Amino acid sequence: MRPIELSLTILTVISLVLHLLPNSKPKFKYLIAPAVLGLAVAAQVFLEGFRYQLWPLFAAISLFVLVSANKWRTEDFEKRPVGASAFGIILALLSLAAGWLLPVPTPYPITGPYQVGTTVFPLVDTSRTELYADSPNQPREIMVQVWYPANPAKGDRQAQWMPDVDKAGPAIAEWIELPSFSLNHL
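Only a predicted model underlies this, so the values are computations on that prediction, with no experimental measurement involved.

S.K.: Which residues make up helix α3 (residues 55-74), and what values go with them?
M.R.: Given 3.6 residues to a turn, an α-helix orients residues that are three or four positions apart in the same direction. Along its 20 residues, α3 runs 28 Å from first to last C-alpha, staying within 8% of the 28 Å computed at 1.5 Å per residue. Those residues of α3 hidden inside the fold are in contact with α1 (3-20), α2 (26-47) and α4 (82-101). Positive phi appears at E75, one or two residues downstream of α3, with a value of about 55°.

In structure tokens, the structure reads:
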């Protein structure tokens with residue numbers, strides 16, 4: 001998990017556990033803790049971006065905020081929301097597991113004293129026809145990517161680690177029989 005996601009998960013579990021403690025101050029657990037969680041959610045979405053793996057965590061936080069608002073509105077601080085808090089903790093831990101099972105990949109750092117360039121181009125063999133082409137007489141063609149020593153110019157840009165990742169992520173997910181959105185975080 002990314003740092004703010006992990007912090008948000010820990011903060012959510014602590015806040016939900018506070019709901020279960022009888023001696024904690026109502027103002028803290030029903031007013032201050034939900035406000036801090038709301039700010040933490042905003043920071044996470046703004047700084048790290050939304051990921052579907054966090055839906056259970058956001059559901060737990062929403063449940064926590066709703067229960068807290070109801071407790072604060074009715075001023076019924078005697079009865080602790082055990083069921084809602086336990087369910088929220090389970091949702092937060094489920095989100096933690098989803099973040100661990102489907103992490104955001106961190107590309108390897110670029111190292112070495114030399115710059116490297118890359119280019120992609122097709123190689124066409126006109127002496128053979130492609131077996132799986134749409135038209136029967138299409139020549140055999142493969143895409144090739146070449147890396148070479150480079151002297152970058154001012155207008156050059158850094159290559160992506162995977163071209164067309166917005167198309168490759170859903171295609172890979174469907175190939176391994178996951179929903180197409182499950183690798184959008186790539």
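S.K.: An account of the packing of α1 against α2 is requested, with residue identities and associated values reported.
M.R.: It is the contact of α1 with α2, at a shortest axis distance of 10 Å, that shows an interaxial angle of 165°. Here α2 runs roughly antiparallel to α1, going by the angle between their axes. Between α1 and α2 lies a crossing whose hand is left-handed. Together, I4, E5, L8, L11, T12, S15, L18 and H19 of α1 and F28, K29, Y30, A33, V36, L37, A40, V41, A43, Q44 and L47 of α2 make up the contact between the two elements. Looking at the contact of α1 with α2 residue by residue, the class counts come to 13 nonpolar, four polar and two charged.

S.K.: Please set out the pattern of salt bridges residue by residue, giving values where relevant.
M.R.: Per the counting criterion, the structure on display carries two salt bridges. A salt bridge links D125 to R128, with the shortest nitrogen-to-oxygen separation between them at 3.0 Å. A salt bridge links E130 to R140, with the nearest nitrogen and oxygen atoms 3.7 Å apart. With E130 in the loop between β1 (116-129) and β2 (139-149) and R140 in strand β2, the pair connects residues that are 10 residues apart, well separated along the chain.

Thresholds, definitions, all that
- Residues numbered from 1 in each chain as written.
- Predicted model: local features only at pLDDT ≥ 70, side-chain atom pairs only at ≥ 80, totals over all residues.
- Heavy atoms only, no water.
- Helix = DSSP H or I, 4+ residues; strand = E, 2+ residues; numbered from the N terminus.
- Expected span 1.5 Å × (residues − 1).
- Contact = heavy atoms within 4.5 Å.
- Axes fitted to C-alpha atoms, helices over the stretch in contact; angles between N-to-C directions.
- Parallel < 35°, antiparallel > 145°, perpendicular 65-115°, else oblique.
- Left-handed = near helix turned anticlockwise from the far one by under 90°.
- Nonpolar A, V, L, I, M, F, W, Y, C, P; charged D, E, K, R; others polar.
- Salt bridge = Lys/Arg side-chain N within 4 Å of Asp/Glu carboxyl O.

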